[in-house]
Amino acid sequence: MNAAEIIALKAQALAEARDATSPQDIEAIRVRYLGRKGALPAIMKSLKDADPVERSEMGKQANLFRQELSSALESKASESESGDTVRTPSRMDTSLPGQWPSRGSRHPISIVIDDITAIFRSMGFTVADGPDIDSEHNNFDALNTPGDHPSRDAHDTFYLDNGDLLRTQTSTVQVRVMESTPPPIRIIAPGRCYRRDTSDATHSANFHQVEGLYVDRKVSLADLKGDITYFAHRLMGPGVQVRFRPHFFPFTEPSVEYDFSCHICKGSGCRVCKNSGWIEISGAGMVDPRVFENVGYDAEAFTGYAFGMGVERIAMIKYGIQDIRHLYDNDVRFLSQFS
Ligand code: PHE
C-alpha cells in the first residue's frame, strides 16, 4: 500500500461514516477501520516493511486517516443521539402510503346560519350584531314587556349580579339597531340566546336565533307573510308549506307564530313533528307602535315587521336530527357528517 491508496481508503471510510444511519452502522465502521483487527492497525504494521522513501508520507496519511475518521464517527454518534439524523434518500421507503391531514367540517348550526344569512342578504337585508350579555332595557323594557311578565322571572332568565342578563332572545338587537339608526331598516341578527330550560330532546338552555327587522313606510303583514314564505321555499325547497297562527308577543301587534310543514314526513305525521305534520319555527308580527316610541321612531310615519327564527329547529328538520342535544355533544362522528 502506498500513500495515495491510504488517501483513497480514507475517502471511502469517510463516505461510509456520512451515510451511517444508526449507532450499529457507526460501530461497524469503527471496528472495520479503527478496531484492533481493522484496516488502520494493519497499515501501521506494514510501515516497517515499507520503502523508506514512502514510509514517512504513509505514516503522515495514516495519522490523518485516524484523526478524521474518529472525529467524523464521533459527531455522527452525537447527531443520532439527539435524534436529528437526516435519513438519506436511499433509505426512504417511497412505497409507504402518505399521511393526509384530517379535514374539519363546519358545525351544522353554522351551516344553517350561513344559509339563512345568504338568502336574506340576497333579499336586501344586512347583518347586525349584539352582545350575549345585555341590559333588561334591551331585552324587556324597550320591547314593551311589562315588569310582571312571566318571562322576566328568574326561573326563566339568567340574571347577572349587576342586573344585566344573558339575552333570552335576539330581539335585543332590534332595540340596539333602532336606537342607533334612523329608518328605513332591513336587518337580520343571528346569535346565541339563553333561557333557564331543562334540556331534553327539543330544549336547551343555550340555543340560537336569527332575528329579522324591516322598518319603512307602508310595511304590512302581507310583506311579512310573503317574505317568510319566499325564504322558506329558498331554504327548504319549493315543496314546503308555511302556516301562520295568531299569537301574542308584547312587542308586536298583531303577532303570529309560524310553522313549516314537516320536511321529514312531508306533512303526513312522524315523531319529529309529533304527528302534527308541522314544525314550529318561531314568532313574528308587526312592530308594536309602543316599541317605536321607546326607540324614538315616528310611529305614525313608519311601520315594520319583525320575526324570530329557531336555528336548532331548522337544523333538526333540515337534517332529520331527532335530538337537539346531538348539536352540543361535540361528537366528531356526528359532526363530520355535515361537511
Ligand atoms: N323573540 C321572540 C321569541 O324568542 C320571537 C319574535 C321575534 C316574535 C320577533 C316576534 C317578533 O320567542
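See the structure printed just above.
Predicted, not measured: the structure shown is a model, and the values here were computed from it. Numbers given to residues run from 1 along each chain, matching the order in which its sequence is written. Predicted model: local features are reported for residues with pLDDT of at least 70 only, side-chain atom pairs are reported and counted for 80 or more only, and whole-chain, interface and lining totals are derived from all residues. Where side-chain values are given, they derive from all heavy atoms of the structure, hydrogens and water being excluded.

A. How the structure looks around the sheet that holds strand β6 (residues 242-249). At least two DSSP bridges between two strands are required for those strands to pair. To qualify as a helix, a DSSP run of H or I must reach at least 4 residues; to qualify as a strand, a run of E must reach at least 2; elements of each kind are numbered from the N terminus. An order of β1-β4-β5-β9-β8-β7-β6 is seen for the seven strands of this open sheet, with the pairing classed as mixed. Strands at the two margins of the open sheet, each flanked by one partner only, are β1 (126-127) and β6. Alignment of strand β5 (residues 206-216) against strand β9 (residues 303-307), held across five bridges, turns out to be antiparallel. For Val-215, the partnering residue across the bridge sits in β9 and is Gly-304. Throughout, a contact is declared for two residues whenever any of their heavy atoms are within 4.5 Å. To obtain an axis, a line is fitted to C-alpha atoms, over the contacting stretch when the element is a helix, and the angle between two such axes runs from 0 to 180 degrees between their N-to-C directions. The strands touched by helix α5 (residues 108-122) within the sheet are β1, β4 (185-194), β5 and β9, with β4 carrying the most contacts at an inclination of about 170°.

B. How the structure looks around the pairing of strand β7 (residues 252-261). Accessible area is worked out with a 1.4 Å probe on protein chains only. A residue is then buried under 20% of its type maximum, exposed over 50%, and partly exposed in between. Here β7 lies mainly inside the structure; eight of its 10 residues are buried. As defined by bridge partners, β6 adjoins β7 across seven bridges and the pair is classed as antiparallel. Counted as the bridge partner of Pro-246 is Val-256 from β7. In this structure, the hairpin formed by β6 and β7 is closed by a connection of two residues. Pairing of β7 with strand β8 (residues 278-287) involves eight bridges; the strand directions are antiparallel. Bridge pairing links Glu-257 to Gly-283 in β8.

C. Expanded view of helix α1 (residues 3-19). An expected span of 1.5 Å times one less than the residue number is assigned to each helix. When the terminal C-alpha atoms of α1 are compared, their 25 Å separation across 17 residues agrees well with the 24 Å that a helix rising 1.5 Å per residue should span. Among the residues of α1, Ala-3, Ile-6, Leu-9, Lys-10, Ala-13 and Ala-17 are the ones counted as buried. The arc that holds every buried residue of α1, seen down its axis, measures 115°, which confines them to one face. α1 presents Ala-4 and Arg-18 as exposed residues on the side facing more than 90 degrees away from its buried surface. Counting of polar contacts relies on pairs of N or O atoms within 3.5 Å, with two restrictions inside protein: one atom must be capable of donating a hydrogen and the other of accepting it, and residues adjacent in sequence are counted only when both atoms are side-chain atoms. If you check the start of α1, you find a side-chain oxygen 3.2 Å away from the backbone N of Ala-4, and it comes from Asn-2. Relevant arc is that of directions from the helix axis to the C-beta atoms, nothing else.

D. Spatial organisation of the pattern of salt bridges. In what follows, salt bridge is the name for a side-chain nitrogen of Lys or Arg lying within 4 Å of a carboxyl oxygen of Asp or Glu. One pass over the structure, following the stated rule, counts 14 salt bridges. Here Asp-141 and Arg-152 are joined by a salt bridge, their closest N and O atoms 2.8 Å apart. Placement of Asp-141 in helix α6 (residues 136-141) and of Arg-152 in the loop between α6 and β3 (165-166) is noted, with a sequence separation of 11 residues between them. Relative accessible area serves as the criterion here: at 36%, Asp-141 is assigned to the partly exposed category. Arg-152 gets classed as buried once you look at its relative accessible area, which sits at 10%. Among the ionic pairs, Glu-257 bridges to Arg-245, the shortest N-O distance being 3.1 Å. Of this pair, Glu-257 sits in strand β7 while Arg-245 sits in strand β6, and the two are 12 residues apart along the sequence. Residue Glu-257 is classed as buried on the basis of its relative accessible area of 11%. Within the structure, one salt-bridge network assembled from shared partners comprises Arg-243, Arg-245, Glu-257 and Asp-259.

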